[in-house]
Amino acid sequence: MADERIAWGWGLASIDAAGKTLDVWYPELTLGAAPSEADRPNHNFGALVHEEADARGVRRVPVFTVSDLDAAPADAADAYLRLHLLSMRMAKPNTLNLEGIFGVLTNVVWTDYGPFAIEDFALRKIDVQAAAGKAFAGAPAPNVEVMLVDKMPRMVDYVVPTGVRIGNADRVRLGAYLSEGTTVMHEGFVNFNAGTLGVSMVEGRISQGVVVGNGSDIGGGASIMGTLSGGGKLRNSIGEHSLLGANAGIGISLGNNCVVEAGLYVTAGTKVTIWDKAKAAAGEPLEVVKGADLSGKDNILFIRNSVSGRIEARYRKTGIELNENLHKN
């Protein structure tokens, strides 16, 4: 195991009454060989550590985690370390072993009071409200707002990357990789182990395993099929200065300087006609290929012919240019 494939750090773990790890927060991580126990730095969590359970039935304890990034995640602490590495931009999508990650994570009720175990949430919610009510004598018991029930939390509750704008924090999972200059609009979505490799506009959905190149735009309502969508291992991507139009979708990769027109979905099995002006003028038959044959190729405009209804691939000389001022984040 090479040193650069090891990551380590102190995390603050939330442990429920049954001993399950609900989450782990790592303020900082280091790549390379881990220090011996005697040489470990202090965790500096101070008053954040609670060895006794709070009203949620949750203890907060420091954990020192060392992760072999080429092996599958060993436990929840290991899994959270990898998700942090991605969102901290210390590891790019598809470079870490995430096999079996769902199996080591537990479903959690994520609230404005922190994570709760699902099994006794209703009773623990009452305890939290009662405890909060005592702190503000005479005031109505505050509500516990549930933000989501999932195995992975929102990214911004753990990592806030520099140079990024996010319109709706609920739609970016921990483990998303967002490069500087990325804007995720309110209806945009970025899954874990996915993201942007440069300045990008994200108004659609970037699925697990998908990366979007510098200068590319994912239009409103657009969708990129990821590795979780069909259960396969094929990883789709979008190159640089490409546009996936509003409400469009792809089940193939786009190269550089490509455009998929609004509302068009191109999958690996889609029949695509290669437009050739000279052949068309001479009345010669045009070549028809599968979408998979064009996967990853540069300088293609995918459109649906409004007269014939066929899907065509046409040569496109240049890519799109994003608004430079808009992405100075």
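Residues numbered from 1 in each chain as written. Predicted model: local features only at pLDDT ≥ 70, side-chain atom pairs only at ≥ 80, totals over all residues. Heavy atoms only, no water.

Enquirer: So, the overall build of the protein chain: which residues are in play, and what are the values?
Expert: Scanning the protein chain for helices and strands turns up 5 helices and 26 strands. The buried share of the protein chain, taken over its 329 residues, is 47%. For the protein chain, restricting intrachain contacts to residue pairs at least 6 apart in sequence, the fraction spanning at least 24 positions comes to 49%. When the accessible area of the protein chain is evaluated, it comes to approximately 15,600 Å², of which 51% is carbon and sulfur surface. For the protein chain, the distance from the average site of its 31 positive side-chain charges to the average site of its 37 negative ones is 7 Å. (Helix = DSSP H or I, 4+ residues; strand = E, 2+ residues; numbered from the N terminus. Buried < 20%, exposed > 50% of the residue type's maximum accessible area, 1.4 Å probe, protein only. Contact = heavy atoms within 4.5 Å. Areas by Shrake-Rupley, 256 points an atom, 1.4 Å probe, with all protein chains shown as cover. Lys, Arg positive; Asp, Glu negative; His and termini not counted. Charge placed at Lys NZ, Arg CZ, Asp CG, Glu CD.)

Enquirer: Run through the UniProt feature "active site" (unreviewed entry) in the protein chain, naming residues and quoting values.
Expert: Per the UniProt record, "active site" (unreviewed entry) is found at Glu-203. Tracing the backbone shows Glu-203 in the loop between β13 (200–202) and β14 (205–206). Glu-203 has contacts with Met-185, Glu-187, Gly-188, Asp-217, Ile-218, Gly-219, Gly-220 and Gly-221, leaving out every residue within four places of it along the chain. (UniProt positions renumbered as here; feature names shortened; annotations may be inferred.)

Enquirer: Can you tell me about the sheet that holds strand β7 (residues 146–150), naming the residues and giving the values?
Expert: Sheets are built from strands that pair by backbone hydrogen bonding, the pairs being arranged parallel or antiparallel. Spatially, the 3 strands line up as an open sheet ordered β6-β5-β7, and their pairing is antiparallel. Strands with a single pairing partner mark the edges of an open sheet, and in this sheet they are β6 (114–117) and β7. Going across the sheet, the axis of each strand differs from the next one's by a mean of 25°, ignoring polarity. Pairing geometry for strand β5 (residues 108–111) and β6, over 4 bridges, is antiparallel. When the sheet's bridge partners are listed, Val-108 is paired in β6 with Ala-117. (Pairing = 2+ DSSP bridges. Axes fitted to C-alpha atoms, helices over the stretch in contact; angles between N-to-C directions.)

Enquirer: Summarise the pairing of strand β1 (residues 6–15); cite the residues concerned and give the values.
Expert: Of all 10 residues in β1, 10 are buried; the element is thus mostly enclosed. As paired elements, β1 and strand β4 (residues 59–68) share 10 bridges and run antiparallel to each other. Bridging across to β4, Trp-10 finds its partner in Phe-64. Here 2 bridges tie β1 to strand β3 (residues 30–31), and the two strands are oriented antiparallel to one another. Within the sheet, the bridge partner assigned to Trp-8 lies in β3 and is Thr-30. As paired elements, β1 and strand β2 (residues 21–25) share 4 bridges and run antiparallel to each other.

Enquirer: For the sheet that holds strand β22 (residues 265–266), give the residues involved together with the corresponding values.
Expert: In spatial order, the strands read β11-β14-β17-β20-β22; together these 5 strands make up an open sheet with parallel pairing. Looking at the sheet topology across the chains shown, the edges are occupied by β11 (189–190) and β22. When β11 meets β14, the two strands line up parallel, connected through 2 bridges. The residue of β14 that forms the bridge with Phe-189 is Arg-205.

Enquirer: How would you sum up unusual backbone geometry? Please name residues and give values.
Expert: Positive phi is not limited to glycine here, since Arg-89 has a value of about 65°. Within the secondary structure, Arg-89 sits in the loop between α1 (76–87) and α2 (101–104). Taking relative accessible area as the criterion, Arg-89 reaches 24% and is therefore assigned partly exposed. Positive phi outside glycine occurs at His-241, with the angle close to 55°. Looking at the secondary structure, you find His-241 in the loop between β18 (237–238) and β19 (243–244).

Enquirer: How would you summarise the pairing of strand β25 (residues 300–304) if you had to cite specific residues and measurements?
Expert: Strand direction decides the pairing type here: strand β21 (residues 259–260) and β25, joined by 2 bridges, are parallel. Bridged to Val-259 within β25 is Leu-301. Relative to strand β26 (residues 311–315), β25 runs antiparallel, the two being bridged by 5 bridges. Paired with Phe-302 across the bridge in β26 is Ala-313. Hairpin connection between β25 and β26: a loop of 6 residues separates the two successive antiparallel strands, and Gly-309 in this loop has a positive phi of roughly 85°.

Enquirer: I'd like a description of the pattern of salt bridges, backed by residues and values.
Expert: The final tally for this structure, using the stated rule, is 11 salt bridges. Ionic pairing is found between Lys-20 and Glu-119, a salt bridge with its closest N-O pair at 3.1 Å. Placement of Lys-20 in the loop between β1 and β2 and of Glu-119 in the loop between β6 and α3 (121–135) is noted, with a sequence separation of 99 residues between them. Asp-157 is the salt-bridge partner of Arg-154, the closest N and O atoms lying 3.0 Å from each other. Sharing partners across several salt bridges, the network here consists of Arg-154, Asp-157 and Asp-170. (Salt bridge = Lys/Arg side-chain N within 4 Å of Asp/Glu carboxyl O.)

Enquirer: Outline the side chain of Thr-270, supporting the account with residue identities and numerical values.
Expert: In this structure, Thr-270 sits in the loop between β22 and β23 (271–274). Within the local environment of Thr-270, its side chain forms a polar contact with the backbone nitrogen of Thr-267, the two atoms lying 2.9 Å apart. Aside from chain neighbours lying at most four places away, what touches Thr-270 is Tyr-265, Val-289, Lys-290, Gly-291 and Ile-311. (Polar contact = N/O pair within 3.5 Å; in protein donor to acceptor, adjacent residues only side chain to side chain.)

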